[in-house]
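Okay, here's what each chain looks like letter by letter:
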Amino acid sequence: MTDLEAPLRRAAPALLGYAAVRALGLVVLAVWSAARGKSAHTLLTARWDALWYTRVADLGYGYEVRLPNGDVHSNLAFFPLLPWLERFMHAVSPLSYADGGLAVSLLASLAAAWGIFAVAEHVYGRRAALCAVLLWAMLPVGIVQSMAYSESLFTALAAWSLYAASTGRWLTAGTLALLAGLTRPVGLAVVAAVWVAGIASFVQDRSTAPAHGARNWRCALGLVLAPLGAAGYVLWVGHRTGKGPLGYLDVQAGWRNGFDGGAAFARFVGEKFTSFPSALAGVGLIVGVGLVVWLYVVGIRQGQPLPLLVYTGVVTALALCASSYFGSKPRLLIPAFPLLFPLALALARLRISRSAWVVGGVAVASAVYGAFWLNGTGPP
């Protein structure tokens, strides 16, 4: 048995469960879309961000849309790793750029599920890891994991980077963090987590530095590699736009996107209470944010490793405190998988028959909601 076969065999039940949940979601989406006269394939491959990624893969950078209000939507806002992979898939197969993106996302979602299992098993054991993977598959907006979006690719890179850092594989952790930084702006969360883990390792080994010289050098090199992806792309955008190191922030400003500490989101929630029907949505948003914060606090109390807490904290802060695209916030939280670990522990403590009923019921509800949500008018 190879070094890969044993971990894969341990994770196999989780991966099969993940595939079954996502397959259910795709079947429900196909039926729902057909009933509404829409194409499920188009919804998965040619909507919102998916279109922007395929344009980058096909035409490169430089495409932009100028809106009547003066906003400029530039494709420089989209990090390059997914378009590069779409272009690679198109070059080596008969797949279109869009279908190449869908194939990458489907494969990456399985890699992400395996990575989540590896991280959770390392911290909490096999049964909790299985539950964590199923919960990630059953997120209300889990259908995004099967779209030609970058969430699955980013989560896979993040999860495996965190696992590598937690097991002392520093070159792997740094390389995967570099790639995560080429995937989404929130790659900074992976960099921060790897740096925290690396610094903790240096501190722990300080008294025995001669005995761990080689490991410390690998750790140092991993820490150097980690930020190069995000920093390299941001600096390249600044050079291309002629606006220096902060040029990427100007690109995001053209999309009316930035970091304001959550002030715009708070105003958005407050406006929901101006009428009775929308007030119910406001209550739901407050409950949702409260649940996210509560899960993070529970993770602290349950002793989640500091790198996981740093990663989750940065992902959550960037998702909730961005100043635009409020309807996309649930999607932006998809990579924050350690938030699910307290729920996974609770589910793992149930009898198998009861947990099976819970998983089945939530999986059906998630599939129905995902089909309803993706067939809506707003951006996913």
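Residues numbered from 1 in each chain as written. Predicted model: local features only at pLDDT ≥ 70, side-chain atom pairs only at ≥ 80, totals over all residues. Heavy atoms only, no water.

Broken down by element type, the chain carries 18 helices and 2 strands. For the chain, whose C-alpha radius of gyration is 21 Å, the value lies close to the compact-globule estimate of 21 Å for 380 residues. Its C-alpha atoms give the chain principal-axis dimensions of about 65 × 60 × 50 Å. The buried share among the 380 residues of the chain stands at 48%. (Helix = DSSP H or I, 4+ residues; strand = E, 2+ residues; numbered from the N terminus. Rg over C-alpha atoms; globule rule 2.2 N^0.38 Å. Buried < 20%, exposed > 50% of the residue type's maximum accessible area, 1.4 Å probe, protein only.)

Tallied over the entire structure, the rule returns 20 aromatic pairs. With a centroid separation of 5.6 Å and an interplanar angle of 90°, the aromatic rings of Trp-160 and Tyr-163 are classed as edge-to-face. Separated by 3 residues within a single helix, Trp-160 and Tyr-163 lie in helix H7 (residues 151-166), roughly one turn from each other. Here a set of aromatic residues connected by ring pairs shows up, and it is made of Trp-52, Tyr-53, Tyr-63, Phe-78 and Trp-255. We note Arg-55 situated over the ring of Trp-52; from NZ or CZ to the ring centre the distance is 5.3 Å. For Lys-329, the ring lying beneath its charged end belongs to Phe-265, and the centroid distance is 5.0 Å. (Phe/Tyr/Trp six-rings, centres within 6.5 Å; stacked < 30°, edge-to-face > 60°. Lys NZ or Arg CZ within 6 Å of the ring centre and 35° of its normal.)

Turning our eyes to something else, we now look at the environment of Ile-352. Along the polypeptide, Ile-352 turns up in helix H18 (residues 352-374). By relative accessible area, which is 63% here, Ile-352 ends up exposed. Taking the C-alpha atoms as reference, Ile-352 lies 58 Å from Lys-243; in sequence the two are 109 residues apart.

Before going further, it helps to spend a moment on the side chain of Ser-161. With respect to the secondary-structure elements, Ser-161 resides in helix H7. Since its relative accessible area comes to 0%, Ser-161 is described here as buried. Residues within four places of Ser-161 in sequence aside, it is in contact with Ala-173, Leu-176, Ala-177, Val-190 and Val-194. (Contact = heavy atoms within 4.5 Å.)

Residues Trp-136, Tyr-311 and Phe-337 are the most contacted members of the largest nonpolar core, which totals 108 residues. It is helix H5 (residues 97-124) that provides the largest number of residues to this core, a total of 11 residues. If sequence neighbours within four positions are ignored, Trp-136 has contacts with Tyr-18, Ser-109, Ala-112, Ala-113, Ile-116, Gln-145, Thr-155, Ile-334, Phe-337 and Leu-340. (Core = buried A, V, L, I, M, F, W, Y, C linked by side-chain atoms within 4.5 Å.)

Take unusual backbone geometry next. Backbone geometry at Trp-48 places phi at a positive 50°, although glycine is not the residue there. According to the relative accessible area criterion, Trp-48 is partly exposed, its value standing at 37%. One non-glycine residue, Arg-256, lies in the positive phi region at around 55°.

Those residues of helix H13 (residues 263-271) that sit buried are Ala-264, Phe-265 and Val-269. Buried residues along H13 cover an arc of 140° about the axis, so they all sit on one side. In H13, the exposed positions that point more than 90 degrees away from the buried face belong to Ala-266, Arg-267 and Glu-271. As for H13, its buried residues are in contact with helix H14 (276-301), helix H15 (306-320) and helix H16 (329-332). (Arc of directions from axis to C-beta.)

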